[in-house]
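# Fold and contact review
Here is what each chain is made of, one letter per residue.
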Amino acid sequence: MKIHSVVACDDNWGIAKNGTLPWKLPREYKHFNDFTSACSEKTKKNAVVTGRSNWKSRAPDGSTLPLANRHNFILSTSMKTTPEGSDGVAGSLKEFIDLVESDEWSQKIHRVFNIGGSQIYKCIQDSDYCGRCYVTKIKANFDCDLFICNLDEDENFRRVERLTLTSEEWEKIIPVGIQYENGFEWEVLIYEKIQKSRQ
Ligand SMILES: NC(=O)c1ccc[n+]([C@@H]2O[C@H](COP(=O)([O-])OP(=O)(O)OC[C@H]3O[C@@H](n4cnc5c(N)ncnc54)[C@H](OP(=O)(O)O)[C@@H]3O)[C@@H](O)[C@H]2O)c1
């Protein structure tokens, strides 16, 4: 099973400031919603997994989680009950994998997306479950105080050019090229983890 990461960041790979997103880009947020919701199988929905802190934070449109039309899971060691709107809490990545691969959930889940925050991006990107990373790079510096790893400088990742993605139908809804919104430029870049062959 692969978990794909979806994240928006600034030039410095900053993802938040003072516990929230320092930009307002409704079209970018619509892309996030469309992409993580897209599902071609009628009997299934995609799942999203998030950390306890992000679960409690606000989305750019002011709404709070859960995300509609997706199964919502939380990673937390301290939440002892499943909060309203969530489909389940897992105490570790292994516990989460066991849950979504269980007979009950595997019938209902199409793809799984990692929607952060920073601890969850790191935990999943460091793991063997890491799928592709869909990174909206906003061409500006927002003086963020929370960051994800710089995938351009991480030897475990490489950029994937859009032209090589013809086999992946579901990726065709991603906006192509530089987008202009509210005076900012943003672009969705795609990265994948380099599979290391065991000697
Ligand atoms: N720009 C973007 O695209 C984007 C996307 C998402 C979020 N954000 C921002 O990111 C911020 C939140 O990120 P964050 O790093 O502070 O927190 P976070 O990653 O959302 O959540 C951290 C919490 O998740 C739990 N956790 C982490 N790793 C775990 C593991 N391996 N197993 C079980 N539980 C685990 C822990 O909860 P317990 O303490 O309960 O164990 C930990 O305190 C918010 O400000 C949000 O706005 C930005």
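First things first, this report covers the structure right here in the doc. (Residues numbered from 1 in each chain as written. Predicted model: local features only at pLDDT ≥ 70, side-chain atom pairs only at ≥ 80, totals over all residues. Heavy atoms only, no water.)

### Here we look at the nonpolar core
- Core analysis: the biggest nonpolar cluster contains 27 residues, and Trp-23, Phe-35, Leu-67, Phe-113, Ile-115 and Tyr-134 have the highest contact counts within it.
- Within the residue set of this core, elements represented by two or more residues are β1 (3–9), α1 (26–37), β7 (130–138) and β11 (184–193). (Core = buried A, V, L, I, M, F, W, Y, C linked by side-chain atoms within 4.5 Å. Buried < 20%, exposed > 50% of the residue type's maximum accessible area, 1.4 Å probe, protein only. Helix = DSSP H or I, 4+ residues; strand = E, 2+ residues; numbered from the N terminus.)

### Things to note about the site of the ligand
- What surrounds the ligand is a group of 28 residues, the closest being Arg-52, Ser-76, Thr-77, Ser-78 and Ser-118.
- Within the backbone of Ile-15, a nitrogen or oxygen atom sits 3.0 Å from a nitrogen atom of the ligand.
- Between the ligand and Gln-119, the relevant distance is 3.2 Å, taken from an oxygen atom to a main-chain nitrogen or oxygen of the residue.
- Here the ligand has 930 Å² of accessible area as a free molecule, and 84% of this is covered by the chains. (Near = heavy atom within 4 Å. Polar contact = N/O pair within 3.5 Å; in protein donor to acceptor, adjacent residues only side chain to side chain. Areas by Shrake-Rupley, 256 points an atom, 1.4 Å probe, with all protein chains shown as cover.)

### Topic: the packing of aromatic side chains
- This model, assessed by the stated rule, comprises 8 aromatic pairs.
- Here the aromatic cluster, defined as three or more aromatic residues joined through ring pairs, consists of Trp-23, Phe-142 and Phe-184.
- Seen from the ring of Trp-105, Lys-108 lies directly overhead, with NZ or CZ sitting 4.5 Å from the centre. (Phe/Tyr/Trp six-rings, centres within 6.5 Å; stacked < 30°, edge-to-face > 60°. Lys NZ or Arg CZ within 6 Å of the ring centre and 35° of its normal.)

### Things to note about helix α5 (residues 118–125)
- All of the buried residues along α5 are Ser-118, Ile-120, Tyr-121, Ile-124 and Gln-125. The arc that holds every buried residue of α5, seen down its axis, measures 165°, which confines them to one face. Exposed residues lying more than 90 degrees from the buried face of α5 are Gln-119 and Lys-122. (Arc of directions from axis to C-beta.)

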